[in-house]
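# A look at the structure
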Amino acid sequence: MIERLAFGDIPAKHHIALTGSDGELRWEECITQQGFEGPYTIAYHLHRPHEQRLVATTHGWTIPTNASASEDHRLLKRHYKTNELKVKGTAPIDAREPLLFNADVTISIAKPSTPDPVYFVDGDADTLVYVFEGRGTLRTMLGDVRYEQDDYVFVPRGLLHRWIPEGAQSWLIFECHGGLHLPRQWRNEVGQLRMDAPYSHRDFRRPDFVGPVDESIRTQVVRKNGRFHAFALTHSPLDVVGWDGSIYPWAFPILNFQPRAGLVHLPPTWHGTFAIRGGLICSFVPRVVDFHPDAIACPYPHSSVDVDEFLFYVRGNFTSRRGVGPGSVSFHPAGIPHGPHPGAYEKSRGAHRTDELAVMLDCFLPLRPTNAARGVEDAAYQDSFVE
């Protein structure tokens, strides 16, 4: 998705024999998207990668459906206090609590406490995790990706992996059902990130490939079409001796995002970090603000007829809102104006910088809250905008 990488032992061409020093033939596995017309990675295994036997599974999280959505359809500005969610402190594969969803994206909170005991392959969505709290390792067949607090961590759909958290964890998770990519406006005609993009290729942490690993785990869980399926494996699936391609996991520290400032207030598209089908994920990081002598630094009231706005507050001084703090979620649906709380707009004149840190999603399809989200909703939020 960013660029092609190559590690370990690979033959001179695709689909030709690769043998090891022991004379044994290596097994090629092609990981493809969009049939055979999209990005792909080719990995080379010690053993046949397609030996699986179907078994029963007890792993997975609750997939939100219309039946699990809240029946409150009133058009309201909403504030969800995610710190009050009763989430399961279990392995990451079981720990997600969905908050809002549509056909393009599902947004969840997770607070996992133990490593995944199985390998997982998500056949339904690319996954982007924002690490609100915690550190650890994402282990994949293509290598390990270390993650820290304030990292985005990307897991492409179809890639076998497991999470190994260290210490307390709190994650914001985007399941991107139509895929995730870097916005096209930040790329040049050959796909390289432009010199005026808000990040560079150097900002992304690639997997650390070490070669075959055997953790003695022989169970693989696959999600496809909203259902979880388990398979018993004959060999360790981490038996990869080399790979090349453009499908792989990575981590991106949010503070590596290079914010922009203008004479007057810039729209959220300038903060666009990742694009998904029907939406844009934005990073708001500490930055200088607008420098016109009469600039109003606080975001202007906005009446959106097409886009729902989801905003996850990480930390800092959120000048446009009161009553929100780390872990808060504001949800402003399309159809009614939203903007700063009383007094914030006026007081922002003359401001020179902001120290806020937040993650935002703008999306075209309406987001539906789950009953879990309704259980932590701030009922006074809508009326808090009335002076």
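This is a predicted model, so every value here is computed, not measured.

Cut-off values and rules
Each chain carries its own residue numbering, running from 1 in the written order of its sequence. Restriction of local features to residues with pLDDT of at least 70 applies here, the model being predicted, together with a cutoff of 80 or more for giving and counting side-chain atom pairs; totals for whole chains, interfaces and linings are based on all residues. Heavy atoms from the whole structure form the basis of all side-chain values; hydrogens and water molecules are not counted. For the purposes of this entry, the term helix denotes a DSSP run of H or I that reaches at least four residues, the term strand denotes a run of E that reaches at least two, and both are numbered from the N terminus. Only protein chains enter the accessibility calculation, which uses a 1.4 Å probe. A residue is then buried if its area is under 20% of the maximum for its type, exposed if over 50%, and partly exposed in between. Any pair of residues with heavy atoms lying within 4.5 Å of one another is described as a contacting pair. N or O atoms closer than or at 3.5 Å make up a polar contact, with two conditions inside protein: a donor-capable atom paired with an acceptor-capable one, and, for residues adjacent in sequence, both atoms drawn from side chains. UniProt positions are given in the numbering used here, feature names are shortened, and annotations may be inferred rather than shown by experiment.

## Observations concerning the environment of Thr-106
As for its position among the elements, Thr-106 is in strand E7 (residues 105-110). According to the relative accessible area criterion, Thr-106 is buried, its value standing at 4%. Sequence separation of Thr-106 and Glu-133 is 27 residues, and the distance between their C-alpha atoms is 20 Å. Contact partners of Thr-106, with chain neighbours within four places excluded, come to Pro-64, Pro-98, Leu-100, Phe-101, Ile-173, Phe-174, Glu-175 and His-177. Among the polar contacts listed, one links the side chain of Thr-106 to the side chain of His-177, at a separation of 3.0 Å.

## Describing the UniProt feature "binding site: Fe cation" (unreviewed entry) in the protein chain
Mapped onto this structure's residue numbering, the UniProt feature "binding site: Fe cation" (unreviewed entry) falls at His-302, Asp-308 and His-338. With the annotated positions falling across 37 residues, the maximum pairwise C-alpha distance of 11.5 Å places them together in a single cluster. Within the secondary structure layout, His-302 lies in the loop between strand E20 (287-288) and strand E21 (308-315). Exposure remark for His-302: the relative accessible area of 34% places this residue in the partly exposed category. Leave out the neighbours within four places in its chain, and His-302 touches Ile-336, Pro-337 and His-338. When sequence neighbours within four positions are dropped, the list of residues in contact with Asp-308 reads Phe-331, His-332, Pro-333, Ala-334, Leu-361, Asp-362, Cys-363, Leu-365, Pro-366 and Leu-367.

## Some thoughts on the side chain of Thr-140
Along the chain, Thr-140 falls in strand E9 (residues 126-140). Taking the relative accessible area as the measure of exposure, Thr-140 reaches 4% and is therefore buried. Polar contacts involving the side chain of Thr-140 include one to the main-chain amide nitrogen of Leu-142, which spans 3.0 Å. A distance of 2.8 Å separates a polar side-chain atom of Thr-140 from the backbone oxygen of Gly-143. Other than its neighbours up to four places away in sequence, Thr-140 contacts Leu-159, Leu-160, His-161, Leu-238 and Pro-249.

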